[in-house]
Structures are given as C-alpha cells and as structure tokens.
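Descriptive analysis of the structure
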Amino acid sequence: MATERTLSIIKPDAVAKNAIGEIIARFEKAGLKVVAAKMLHLDNDKAGGFYAEHKERPFFNDLVGFMTSGPVVVQVLEGENAIAKNRDLMGATNPKDAEPGTIRADFAETIDANAVHGSDSPESAEREISYFFSNDEICPR
Ligand code: RTP
Ligand code: MG
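The structure contained in this document is the topic of the report that follows.

Parameters and conventions
Residues numbered from 1 in each chain as written. Chains lettered and ligands numbered in written order. Predicted model: local features only at pLDDT ≥ 70, side-chain atom pairs only at ≥ 80, totals over all residues. Heavy atoms only, no water. Near = heavy atom within 4 Å. Polar contact = N/O pair within 3.5 Å; in protein donor to acceptor, adjacent residues only side chain to side chain. Areas by Shrake-Rupley, 256 points an atom, 1.4 Å probe, with all protein chains shown as cover. Helix = DSSP H or I, 4+ residues; strand = E, 2+ residues; numbered from the N terminus. Nonpolar A, V, L, I, M, F, W, Y, C, P; charged D, E, K, R; others polar. Pairing = 2+ DSSP bridges. Axes fitted to C-alpha atoms, helices over the stretch in contact; angles between N-to-C directions. Contact = heavy atoms within 4.5 Å. Buried < 20%, exposed > 50% of the residue type's maximum accessible area, 1.4 Å probe, protein only. Phe/Tyr/Trp six-rings, centres within 6.5 Å; stacked < 30°, edge-to-face > 60°. Lys NZ or Arg CZ within 6 Å of the ring centre and 35° of its normal.

The next thing to look at is the site of ligand 1. Taken together, 14 residues are adjacent to ligand 1, and Lys11, Tyr51, Thr93, Ile111 and His117 come closest. Between ligand 1 and Thr93, the relevant distance is 2.5 Å, taken from an oxygen atom to a side-chain nitrogen or oxygen of the residue. When ligand 1 is considered free in solution it has 550 Å² of accessible area, and contact with the protein chains removes 80% of it. Within the residue set of the shell around ligand 1, elements represented by two or more residues are α5 (82-90) and β4 (116-118). By residue class, the composition of the shell around ligand 1 is five nonpolar, five polar and four charged.

Shown next as structure tokens:
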C-alpha cells in the first residue's frame, strides 16, 4: 500500500462543539499524521470554489452557507491508504447512516452539518490540498 495524503476539514459544527481535539485524536490513533493544519473562516468564494463540483446541486447554497457560518480547521493527513482510511473514520455522509464509532455518528446529527470533510479520491486530494496549502506549508515527517 502506498503512503497517501488527503485533505480533511473539521467543519463549523464540530469546531463550535469544541471537538477539534477529539477528532484529530481519532486520526492520530488510526495512524494518520497531521502534516499541515490551519484554522480559517471561509468566505462565499472560497467555500463555493471548494465545492464547485456540487454547484448545480439543490443543496449547494445551504452547503456554502453552512461552511461559512464559523471557523473550520483544515489539515493534510498523511499515511498508508490515507484517503480511504479517513473516509472510513468519518462514516457515511448522512450521520443517520454512519456506523457507530465513526466521527459523523459520534459528532453530527444532520447531513447538512456533518462534522468533517475528507477527499474522496487521489485526484480530489491533490486539488483540495493545493486549494488550501502551498508546498512550504506542508511538513513531511
Ligand atoms: P464531504 O465532501 O463534505 O466530505 O462529504 P461527502 O463526500 O460525504 O459528501 P458529498 O456528496 O461530497 O457532499 C458534500 C456535502 O454536501 C452536503 N450534502 N447535502 N442534502 C443533501 O442531499 C446533501 N448531500 C450532500 C453534505 O454536508 C456533504 O458533506
Ligand atoms: Mg465529497
């Protein structure tokens, strides 16, 4: 298996719940390393550009509204199979369908405010990491 990098976002609902540390602990306990991190308050352009693939979807405006409703923590996670591993730790998009013990099952209640984002493929990971981080902000370890 290859070492990969993935983009993770702790969304405004989880930041508001003071769950940043508990969520990052789950990544670290699963063997993923934080190699870059920052807190940001996204504006409409930055959030809309990030979710551009969903621009035509009926939930797009709500999604951008939610993602700009408070600060987020954006990080790059590195490790074996990091993209799929992070998606497993997150659980299903709708917390009601998420397996017990996943981040979304434990920290989220609704599909709109679902605690975390994780890249869904190597191509999205590459795009999303460079959307938030320059190379000199990533610290291989
Ligand atoms: P994310 O991109 O945030 O990691 O979530 P995901 O891959 O599990 O889900 P995705 O299909 O990429 O959707 C992005 C976010 O849009 C919201 N959503 N709402 N109301 C709806 O039917 C609906 N579908 C998606 C969710 O907040 C989802 O995380
Ligand atoms: Mg997605």
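Taking strand neighbours across the sheet as the criterion, the four strands line up as β2-β3-β1-β4 in an open arrangement whose pairing is antiparallel. Lying at the two open borders of the sheet, with one neighbouring strand each, are β2 (33-40) and β4. Strand after strand, the sheet turns through a mean of 20° between neighbouring axes, direction not considered. With eight bridges joining them, strand β1 (residues 3-10) and strand β3 (residues 72-80) adopt antiparallel strand pairing. What sits directly across from Thr6, in β3, is Leu77. Against the sheet, helix α7 (residues 122-132) engages β1, β2, β3 and β4, with an angle of about 55° to β1.

Even without a glycine there, the phi angle at Asn18 is positive, about 65°. Using a relative accessible area of 68% as the deciding quantity, one classes Asn18 as exposed. Its identity is not glycine, yet Ala115 carries a phi of approximately 75°, on the positive side. Looking at the secondary structure, you find Ala115 in the loop between α6 (103-107) and β4. Its relative accessible area of 0% is what places Ala115 among the buried residues.

This part covers the packing of aromatic side chains. The final tally for this structure, using the stated rule, is four aromatic pairs. Seen in terms of ring centroids, Phe50 and Tyr51 are 5.0 Å apart; in terms of plane orientation they differ by 80°. Their pairing is edge-to-face. Its relative accessible area of 7% is what places Tyr51 among the buried residues. For the ring pair Tyr131 and Phe132, a centre distance of 5.2 Å and an interplane angle of 85° mean the geometry is edge-to-face. The partly exposed category is assigned to Tyr131, whose relative accessible area is 22%. Overall, Phe132 belongs to the buried group, its relative accessible area being 6%. Each member of the aromatic cluster is reached from another via a ring pair, and the members are Phe50, Tyr51, Tyr131 and Phe132. Directly above the aromatic system of Tyr131 lies the positively charged group of Lys46, at a separation of 4.2 Å from the ring centroid.

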